[in-house]
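# Structure at a glance
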Amino acid sequence: MIFSEGRRGFRAYTTKHLDELLGRGGLDEQARLRVRAVATVLPFRTNAYVVDELIDWSSIPDDPIYRLVFPQEDMLPEADVSRLAALLRDGAPAARVQEAAREVRMRLNPHPAGQLELNVPRVDGESVQGLQHKYPETVLFFPKQGQTCHAYCTYCFRWAQFIGEPDLKMASDDIGNLVEYVKAHPEVTSILFTGGDPMIMSEAVLRRYIEPLLGLEQLESIRIGTKSLAYWPDRFVGDPDSDATLKLFAEVVASGKSLAFMAHFSHPRELEPDVVQKAVERILESGATIRTQAPLIRSINDRPDVWAHMWRRQTAMGMIPYYMFVERDTGPQDYFAVPLADAHRVFRDAYAQVSGLCRTVRGPSMSATPGKVCVDGVTEVAGQRVFVLHFIQARDPELVGRPFFAHYDPDAVWLSDLRPAFADRFPFETAGAPGPLST
Ligand SMILES: *Cc1c(COP(=O)(O)O)cnc(C)c1O
């Protein structure tokens, strides 16, 4: 509660506040400078709720929520941090710092632009900005006003969207195009609002996007991917338009569609404050369902008991565990990556501890270009140690639910690190393709 000022309402903290926040957290000047150096490259944004209610400041830098939102000096190569820190220390002009930061950013491997998987479909020959149609039944939509979050996660795979590189932006404010696109594609039954965080939008803006969809008979569900329950639960309790927002949710349900709230929770700590329980109750009262998902992140949630505790608590609160993701290979991925073999062990050891009601969860799942690949386990077949995998979801529905194999590799962290076993190529690779598809 170190920053409590007894004020209500959302208060964002940005890099402007970083030095003060770190100082109050006890970091010395040298350490603060190096964290600020990292924050010139990777985006930083948090808020007073996260800082006051979620972070345990007596155990930084190891505190998992601190690691979830604050940049760490070892997220970037030592030499880069030193160079940027020297520029900050010497009071270099902002343009010079930004130029150096940009140069480091462009060297981050791989460049995040590829990860946005811009699969922009066309209507009447025109590209539909902010829309991604990867699986036949589901369309992702990125509303223009939803391109930020209540706080940024250090591991975010969409961080490029937050740094103002114009060519990396992909959002749309054109709901008409979305409606036309859906009408032209009768196979689409589900729309997933994502971002950023769509719940950063006010009720009035959210309504402009959602209302036109309610008359589309083919739509069975509207989903909202959001971390607001973890980072700003007051969005559904004390915020001025919380009642109106919940009424909008109820209208979706009344229109005969399922409103699925896809809640991102990274750690059980995020479930603890009373306001979260209250927010969950209010969302469920609207008739929406809440499904939970998060990536597995080294040093934040890479122990089975963390996940078992999280799934149990979520289920007790009325939420439905949905996915455990493998962290994508973007940004400071080396820093957060958990090898697939370890990820499966964490999943299995957590899954084995919980009741069947929590076992709605699937994972560990890689959301890769050909689809969502689940690591089912490691076993021996015909004397070879192999990974057993299957597609939970795929561009090509033929691939879904059919097991396939890869050579066991304890260091593999992503699909692109795997080599096919008992076959020349993976089922998602077309004949004649040179090697594993990039993901
Ligand atoms: C996960 C995901 C979806 C939704 O998939 P479900 O298995 O239906 O939850 C849709 N689009 C993309 C790009 C995804 O990664």
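Residues numbered from 1 in each chain as written. Predicted model: local features only at pLDDT ≥ 70, side-chain atom pairs only at ≥ 80, totals over all residues. Heavy atoms only, no water.

## Considerations on the confidence of the model for the protein chain
Here is the rule we go by: A score between 0 and 100, pLDDT records how confident the predictor is in each residue. Throughout, a residue-residue contact means that at least one pair of heavy atoms, one from each residue, lies within 4.5 Å.
Residues at a pLDDT of 70 or more form 88% of the protein chain, whose mean pLDDT is 90. Considering only residues more than four positions removed or in separate chains, one finds that residues 113-119, a stretch of pLDDT under 50, has 24 contacts.

## A closer look at empty space enclosed by the protein
For clarity, the threshold we go by: Using a 1 Å grid laid over the protein atoms alone, points where a 1.4 Å probe fits but cannot get out form a cavity; open sets with protein on both sides within 12 Å along at least 5 of 7 lines form a pocket; any residue with an atom within 4 Å of a point counts as lining. Grid points are joined across faces, edges and corners, and a volume is the space filled by probe spheres set on the points. All amino acids are sorted into three groups, where Ala, Val, Leu, Ile, Met, Phe, Trp, Tyr, Cys and Pro are nonpolar, Asp, Glu, Lys and Arg are charged, and the leftover types, Gly among them, are polar. Note that the domain bounds were set by an automatic or database domain assignment.
A full pass over the atoms with the stated rule returns three cavities of 30 Å³ or more. Within this model, the largest cavity holds a volume of roughly 70 Å³. Taken together, L42, P43, P71, M75, C153, T154 and W159 make up the lining of the largest cavity. Here the lining of the largest cavity is built from residues that sort into six nonpolar, one polar and no charged. Per-domain counts for the lining of the largest cavity show at least three residues from each of domain 1 (12-105) and domain 2 (112-438). Of the voids in this model, the second largest cavity is the one considered here, and its volume is about 40 Å³.

## Some details on the site of the ligand
Cut-off, in case you're wondering: Definition of nearness: a residue and a molecule or strand are near each other if at least one heavy atom of the residue lies within 4 Å of the molecule or strand. Definition of a polar contact: a pair of N or O atoms within 3.5 Å, with one able to donate and the other able to accept a hydrogen when the atoms are protein atoms, and with sequence-neighbouring residues admitted only if both atoms are side-chain atoms. Note on areas: Shrake-Rupley with a 1.4 Å probe; residue coverage comes only from the protein chains shown. Molecule-in-pocket calls rest on the fraction of atoms, with more than half required to lie within 2 Å of the cavity or pocket grid points. The helix count covers DSSP runs of H or I at least four residues long, the strand count covers runs of E at least two residues long, and both are numbered beginning at the N terminus.
Taken together, K134, Y135, L140, R223, Y322, Y323, S367, K372 and Q393 form the complete shell of residues around the ligand. At 2.6 Å from an oxygen atom of the ligand is found a side-chain nitrogen or oxygen belonging to Y323. Protein burial of the ligand: of its 390 Å² of free accessible surface, 86% is covered by the chains. The site holding the ligand turns out to be the largest pocket. Of all elements in the fold, only β5 (131-135) and β11 (320-326) reach the threshold of two or more residues within the shell around the ligand. The class makeup of the residues in the shell around the ligand is four nonpolar, two polar and three charged.

## A word on the packing of helix α5 (residues 78-89) against helix α6 (residues 94-107)
Cut-off, in case you're wondering: Lines fitted to C-alpha atoms define the axes, with helix axes restricted to the stretch in contact, and inter-axis angles between N-to-C directions lie between 0 and 180 degrees. Throughout, the term roughly parallel applies to angles under 35 degrees, roughly antiparallel to angles over 145, roughly perpendicular to angles from 65 to 115, and oblique to all others. Each crossing gets its hand from how the near helix is turned against the far one by less than a right angle, where anticlockwise is left-handed and clockwise is right-handed.
Contact pair α5 / α6: the axes reach a minimum separation of 10 Å and the direction vectors enclose 170°. Considering the angle they form, α5 stands roughly antiparallel to α6. Taken as a pair, α5 and α6 cross one another with a handedness that is left-handed. Taken together, the residues of α6 that come into contact with α5 (itself represented by D80, R83, L84, L87 and L88) are R96, V97, A100, A101, E103, V104 and R107. Class assignment for the residues of the contact of α5 with α6 results in seven nonpolar, no polar and five charged.

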